[in-house]
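Structure at a glance
Spelled out, the chains give:
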Amino acid sequence: MTPMTCIEDLRAVARRKVPRAFFEYAEGGAYAEETLRANRADLARIKLRQRVLVDVGDRSAKTSILGEPATLPLALAPIGLCGMQHGDGEILACRAAQAAGIPFTLSTMSICSIEDVAGAVDKPFWFQLYVMKDRGFIRALIERAKAAKCSALVLTVDLQVLGQRHRDIKNGMTVPPQVRLSNLIDIATKPAWALSVLRGKRKTFGNIAGHIKGMENVNSLSQWISGQFDPALNWKDVEWVAGLWGGKLIIKGILDVEDARTAAKTGAAALVVSNHGGRQLDGAPSSISMLPKIADALGTDIEIMFDGGVRSGQDLFRALALGAHACLSGRAYIYGLGAAGGTGVARAIEIIKNELDVTMALTGVKSVAKIGRQNIAAI
Ligand code: GLV
């Protein structure tokens, strides 16, 4: 087998192995995908400052995230339907993240439930929360995350209304996959995927199935969201969630300085500068273009995390240089999962870690805490 040298290699394999509807669900963005492309393009525009003859013999990417040690400033982002990229995908990805010494985030819209993952791993993970209209269900979900000893709650605030993803509609993306000829032919050509999903613990939304009345047969994400998610969500609800949770809270989906200032006042431990990977407001600026403005406005008031287009250690370095304390990455590990299950996730993390290490060496930086704007040659 050709060695997997970069995330793009994992992506190419995942594209062959995962049914089109699920591959494109993870890959795609909202509407014309302008923001999706801007995330990657704006990262690539940032040029790093090469330094030579600096003693970097003793360098390390170790850091702490929310006060916990981490081997590198990276966490696996919450990904809906992760277990449809590979059977038991959430468990495999969580194990790979924990073995690598970084946090894993389980999505509300995951296939394996909170309890499935908690029962299969031996360290705490983060749980991502979407607030739905049924507050009794949300209260119960928070209680379940507490009972599972999740170490942080990641409250996503930029998806109360879904940005339309044309590809999902065209592909008839549902869970389990819609029975139509094109999907059946596609799945028939992906036997390893089919076997892994058949063997997996669940075939539907594990956190939700059987927990919300009247939604037993709803299998499309857009139906779920339009029927259940609460568009009236506001800052008062953040207080309510924070009060119920009582632990470390991360507010994910901040792309505006004013919103960032408000988020910092909530007492949350961290915020994630994010446009949901270009999957929500198409036409929004890239995440990386907003990061320095938000970092400048907030200073050290709150831990600043970043996501949006991170596919390499160089991208991770760029985000740290512009003010992020750590990054979340979704698609990079999803490609690894689709390509080779848990081994693929481990490989994705290793690739990014090695790239970060070499980037630190070639920019003359010995510790991630020292990465800053001085390491940027041009934006
Ligand atoms: C869910 O979080 C999605 O972006 O599809």
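What you see is a predicted model; the values in this text were computed from it and never measured.

Examining the overall build of the chain
What the chain contains, in helices and strands, is 15 helices and 12 strands. In terms of C-alpha radius of gyration, the chain reaches 20 Å, essentially the compact-globule figure of 21 Å for 379 residues. The principal-axis extents of the C-alpha atoms in the chain amount to approximately 60 × 55 × 40 Å. Per-residue burial for the chain yields a buried fraction of 57% across its 379 residues. Taking all contacts inside the chain whose residues are at least 6 apart in sequence as the whole, residues at least 24 apart take part in 75%. Surface summary for the chain: the accessible area is close to 15700 Å², and the carbon and sulfur share equals 55%. Here the chain contributes 46 positive and 36 negative side-chain charges, whose respective centroids are spaced 3 Å apart.

Quick look at the pairing of strand 11 (residues 326–329)
Residues A326 and L328 point to one face of strand 11 and C327 and S329 to the other, with burial holding for every one of them. Between the parallel pair strand 10 (residues 303–306) and strand 11, the chain is carried across by helix 14 (residues 313–321), and the sense of this crossover is right-handed.

A look at the pattern of salt bridges
All chains considered together, the criterion is met by 19 salt bridges. A salt bridge links R167 to E24, with the shortest nitrogen-to-oxygen separation between them at 3.7 Å. With a gap of 143 residues between them, R167 in helix 7 (residues 166–171) and E24 in helix 2 (residues 20–27) connect regions that are remote in the sequence. Residue class for E24 comes out buried when judged on its relative accessible area of 12%. A salt bridge links E143 to K146; the nearest nitrogen and oxygen atoms lie 3.7 Å apart. Residue E143 and its partner K146 are both found in helix 6 (residues 135–147); the two are separated by 3 residues, about one turn of the helix. For E143, a relative accessible area of 40% gives the class partly exposed. Accessibility expressed as a relative area gives 35% for K146, which makes it partly exposed. A single network of salt bridges, built from pairs that share partners, joins R20, E24, E33 and R167.

Points about the sheet that holds strand 8 (residues 249–254)
Across a sheet, paired strands are connected by hydrogen bonds in the backbone, their directions being either parallel or antiparallel. Pairing is parallel across the open sheet formed by 8 strands, whose spatial order is 4-11-10-9-8-7-6-5. Two strands close off the open sheet at either side, each with one partner strand: strand 4 (74–76) and strand 5 (105–106). As paired elements, strand 6 (residues 126–129) and strand 7 (residues 152–156) share 4 bridges and run parallel to each other. Bridge pairing in strand 7 places Q128 opposite V154.

Remarks on the environment of L322
Secondary-structure assignment places L322 in the loop between helix 14 and strand 11. Overall, the relative accessible area of 2% leaves L322 in the buried class. Sequence separation of L322 and S196 is 126 residues, and the distance between their C-alpha atoms is 40 Å. Excluding residues that lie within four positions of it along the chain, L322 makes contacts with I46, I288, L291, P292, A295, R373, I376 and I379.

What counts and what doesn't
Residues numbered from 1 in each chain as written. Predicted model: local features only at pLDDT ≥ 70, side-chain atom pairs only at ≥ 80, totals over all residues. Heavy atoms only, no water. Helix = DSSP H or I, 4+ residues; strand = E, 2+ residues; numbered from the N terminus. Rg over C-alpha atoms; globule rule 2.2 N^0.38 Å. Buried < 20%, exposed > 50% of the residue type's maximum accessible area, 1.4 Å probe, protein only. Contact = heavy atoms within 4.5 Å. Areas by Shrake-Rupley, 256 points an atom, 1.4 Å probe, with all protein chains shown as cover. Lys, Arg positive; Asp, Glu negative; His and termini not counted. Charge placed at Lys NZ, Arg CZ, Asp CG, Glu CD. Right-handed = clockwise from strand over helix to strand, strands pointing away. Salt bridge = Lys/Arg side-chain N within 4 Å of Asp/Glu carboxyl O. Pairing = 2+ DSSP bridges.

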